[in-house]
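Architecture at a glance
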Amino acid sequence: MAALVSLLTVVSLSLLITRIATVALALTGLSREAAKFQARSALTGVGFTTNEAEQVVSHPVRRRILMLLMLLGNVGVITTISSLIMTFLNTASNQQWLVRSLILGIGLAVLWILATSKWVDRYLSRLINWALQRWTTLNVQDYASLLHLSGDYTVMEMEVRNATIRGGKGEN
């Protein structure tokens, strides 16, 4: 039974990690739908090669997020498979097998309902967004993509200090 709880916990954590990564990628300027797709594909290790994937890989913050997702995804897959095997390996009778299958089915159904709920998505997204902005520096907008810049054109940020005028000359 502990393996079954472990399996449901790993699936729950995978869903939560994907939500956190989606919000983090959206904070970098990626659209919410593109962020969700890229987070899921990185966590599952699918690795689609699309224009969106190229935008993600070329952005340093997004690349770090996806690298972490790939690592966590590999750990999650191994844990999920081993927990699933252990759940049904030690079943002595058909009744135990049926009970564990039923609990697994109900647990996955509840997780599916929570994962597709718009209310849960809104609430979690707000909470994750607040936490990421409070405790990280992920609010890095991809202005080059937003402005559709290509080639050697870039966006630069410069800090301008107030100049005090003394005797007709400006000083810093």
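See above for the structure.
Read on for an overview of the structure.

What follows concerns the overall build of the protein chain. Looking only at helices and strands, the protein chain features seven helices and two strands. Secondary structure elements in the protein chain, listed N-terminal to C-terminal, are α-α-α-α-α-α-α-β-β. Expressed as a percentage of contacts within the protein chain between residues at least 6 apart in sequence, the contacts between residues at least 24 apart total 65%. Carbon and sulfur atoms provide 63% of the accessible area of the protein chain, an area that totals close to 12300 Å².

The next point concerns a nonpolar patch on the surface. On the surface, Val 77, Ile 81, Ile 85, Met 86 and Leu 89 cluster together into a nonpolar patch covering about 470 Å² of accessible area. Note that Ile 81 resides in helix H4 (residues 60-89). Exposure remark for Ile 81: the relative accessible area of 49% places this residue in the partly exposed category.

Now for the packing of helix H1 (residues 2-27) against helix H2 (residues 32-44). When two helices pack together, you describe them by how their axes are tilted relative to each other and by the distance separating the axes. Direction vectors running N to C along H1 and H2 enclose 135 degrees, while the axes themselves pass 8 Å from each other. When the axis of H1 is compared with that of H2, the two are oblique. For the pair H1 and H2, the sense of crossing is right-handed. Along the contact surface, H1 presents Ser 14, Ile 17, Thr 18, Ala 21, Thr 22, Val 23, Leu 25 and Ala 26, while H2 presents Arg 32, Ala 35, Lys 36, Gln 38, Ala 39, Arg 40 and Leu 43. When its residues are assigned to classes, the contact of H1 with H2 shows eight nonpolar, four polar and three charged.

Turning our attention to the nonpolar core. Nonpolar side chains tend toward joint burial in soluble globular proteins. Grouped together as the largest cluster of nonpolar side chains are 18 residues, with contacts concentrated most on Leu 25, Leu 30, Ile 65, Leu 66, Leu 69 and Leu 132. Elements with a minimum of two residues in this core: H1, H2, H4 and helix H6 (118-135). Within the second largest apolar cluster, six residues are counted, among which are Leu 4, Leu 7, Leu 8 and Phe 88.

Bringing the pattern of salt bridges into the picture now. Summed over all chains, the structure comprises two salt bridges. Taking the shortest distance from any N to any O, the salt bridge between Asp 121 and Arg 19 comes out at 3.7 Å. In this pair, Asp 121 sits in helix H6 while Arg 19 sits in helix H1, placing the two residues 102 residues apart along the sequence. Here the two residues Asp 121 and Arg 19 agree in accessibility, since each one is buried. Between Arg 32 and Asp 121 there is a salt bridge, with the nearest N and O atoms lying 2.8 Å from each other.

What follows covers helix H5 (residues 94-116). An ideal rise of 1.5 Å per residue puts 33 Å on 23 residues; H5 measures up with 33 Å between its terminal C-alpha atoms. Within the sequence span of H5, burial applies to Arg 100, Leu 104, Gly 107 and Leu 111. Lining the buried residues of H5 we find H1 and H4.

Here we come to the packing of H4 against H5. Where H4 meets H5, the closest approach of the two axes is 9 Å, and the angle between their N-to-C directions is 145 degrees. Each of Leu 84, Met 86, Thr 87 and Phe 88 in H4 lies in contact with H5, whose residues at this interface are Trp 97, Arg 100, Ser 101 and Leu 104. Within the contact of H4 with H5, the residues separate by chemical class into five nonpolar, two polar and one charged.

About the criteria used
- Residues numbered from 1 in each chain as written.
- Predicted model: local features only at pLDDT ≥ 70, side-chain atom pairs only at ≥ 80, totals over all residues.
- Heavy atoms only, no water.
- Helix = DSSP H or I, 4+ residues; strand = E, 2+ residues; numbered from the N terminus.
- Contact = heavy atoms within 4.5 Å.
- Areas by Shrake-Rupley, 256 points an atom, 1.4 Å probe, with all protein chains shown as cover.
- Patch = residues over 30% accessible without salt bridge, like charges linked within 9 Å, V, L, I, M, F, W, Y side chains within 5 Å.
- Salt bridge = Lys/Arg side-chain N within 4 Å of Asp/Glu carboxyl O.
- Buried < 20%, exposed > 50% of the residue type's maximum accessible area, 1.4 Å probe, protein only.
- Axes fitted to C-alpha atoms, helices over the stretch in contact; angles between N-to-C directions.
- Parallel < 35°, antiparallel > 145°, perpendicular 65-115°, else oblique.
- Left-handed = near helix turned anticlockwise from the far one by under 90°.
- Nonpolar A, V, L, I, M, F, W, Y, C, P; charged D, E, K, R; others polar.
- Core = buried A, V, L, I, M, F, W, Y, C linked by side-chain atoms within 4.5 Å.
- Expected span 1.5 Å × (residues − 1).

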